[in-house]
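Residue-level listing of the chains:
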Amino acid sequence: MLGPVILAASRSDRMRRLVSAAPVTKQVVDRFIPGETVDEILPIVEDLTGKGLELTMDVVGEDITTPEQAGAARDAYLELIDRLKPLELGPRAEMSVKLSMFGQALDGGHELALKNVRPVVEAAAAIGTTVTLDAEDHTTLDSMFAIHEELRKDFPQTGCVIQAYLFRTEADARRLAGNGSRVRLVKGAYKEPAEVAHQDRHEIDKAYVRILRTLMEGDGYPMIGSHDPRLISVAQELARTAGRKLDEYEFQMLYGIRGDEHLRLAAEGHRMRVYTAYGTDWYGYFMRRLAEKPANLRFFLRSMVSKG
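Residues numbered from 1 in each chain as written. Predicted model: local features only at pLDDT ≥ 70, side-chain atom pairs only at ≥ 80, totals over all residues. Heavy atoms only, no water.

Observations regarding the packing of helix α4 (residues 38-50) against helix α5 (residues 67-84)
- Where α4 meets α5, the closest approach of the two axes is 11 Å, and the angle between their N-to-C directions is 45°. Between α4 and α5, the interaxial angle falls into the category oblique. Considering only the axes of α4 and α5, their crossing is right-handed. Of α5, the residues touching α4 (which contributes Val38, Asp39, Leu42 and Val45) are Glu79, Leu80, Arg83 and Leu84.
- Along the lines of polarity and charge, the residues of the contact of α4 with α5 split into five nonpolar, no polar and three charged. (Axes fitted to C-alpha atoms, helices over the stretch in contact; angles between N-to-C directions. Helix = DSSP H or I, 4+ residues; strand = E, 2+ residues; numbered from the N terminus. Parallel < 35°, antiparallel > 145°, perpendicular 65-115°, else oblique. Left-handed = near helix turned anticlockwise from the far one by under 90°. Contact = heavy atoms within 4.5 Å. Nonpolar A, V, L, I, M, F, W, Y, C, P; charged D, E, K, R; others polar.)

Below is the structure:
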């Protein structure tokens, strides 16, 4: 019940100021966002990959209001890619991008976002890795899918994200499950109206399984974005039923959540990719992590009380 309230708070400037000013906030934020700069994040990259894990990296940011800010977001990803190059990790470290950070919501935003994201995709390909386009709220998806289709003409390994709670996603999954596609399936972390999205968590879970079956039975590369133990078991069974080898799909989980499970899946031979965010504008990302799972909110509140 608190999820929608927290998601609304993620867009509130007043709540941003209150949460940011709380003395305990940084300690808790560090659980989910292990650094603010490239210098701080590179040791995390080396530590995780040294443990047999893979990464998808997100330079967090919100509320891009000018083309100059969009260009700065592009340049932040280009800096990250340049710093990753000497590590020679190839596809073990990819990038996740939100097109809103590249100017999608501005005037002429579709063309601007495509213009800004293309050099990031090109630079990623040059060091042997790729980019996944994150899904945002439902009003942005037609533009995201169109940019994804355009990028795949030259960079077919470019991935995208679909969200199980949206009614449209079952059709999107059938369209995207073709040869060479890379699709991350998540439950969804934005406040969406009942006209476009399931509101009941059990209905969302059932939709997730239906969509995942479509992806597993298709010709693409499914990426299972979930921390739910039951859905992880279902994914393994669907993969076996579809005759998929362990390197023909992967699991993805957030940095700071179920770290032992990351290592367990990797030890079993699964590809396990950790979604690792960094940057100074962490508020929106952090609030969505609280909204996704009650345990995250309890962790935050307990920390505030204990430090009070």
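Now that the structure is up, let's keep going.
Some points on the sheet that holds strand β5 (residues 182-186)
- If you trace the eight strands once around the closed barrel, you get β1-β2-β3-β4-β5-β6-β7-β8, paired in parallel fashion. Between one strand axis and the next, the sheet turns by 30° as a mean value, whatever way the strands run.
- Sheet analysis places β5 next to strand β6 (residues 221-225), joined by four bridges and oriented parallel. Along β6, the bridge assignment pairs Val183 with Pro222.
- Sitting on the sheet, helix α7 (residues 141-154) touches β3 (131-133) and β4 (159-163), and the angle it makes with β4 is about 155°.
- Running over the sheet, helix α11 (residues 259-267) touches β7 (250-254) and β8 (271-278) and is turned about 165° from β7. (Pairing = 2+ DSSP bridges.)

Some thoughts on unusual backbone geometry
- Despite not being glycine, Glu88 shows a phi value in the positive range, around 50°.
- Checked against the element boundaries, Glu88 lands in the loop between α5 and β2 (93-97).
- Taking the relative accessible area as the measure of exposure, Glu88 reaches 72% and is therefore exposed.
- Here Arg258, not a glycine, exhibits a phi torsion of approximately 60°, which is positive.
- In this fold, Arg258 is placed in the loop between β7 and α11. (Buried < 20%, exposed > 50% of the residue type's maximum accessible area, 1.4 Å probe, protein only.)

Some remarks on the nonpolar core
- Counting residues in hydrophobic clusters, the biggest one holds 79 residues, and the most contacted among them are Leu84, Val117, Leu133 and Ile162.
- Setting aside residues up to four positions removed in sequence, Leu133 forms contacts with Val97, Leu99, Val117, Met144, Ile147, His148, Leu151, Thr158, Gly159, Cys160 and Val161.
- Counting five residues, the second largest nonpolar core, distinct from the first, contains Phe32, Ile33, Leu254 and Tyr275. (Core = buried A, V, L, I, M, F, W, Y, C linked by side-chain atoms within 4.5 Å.)

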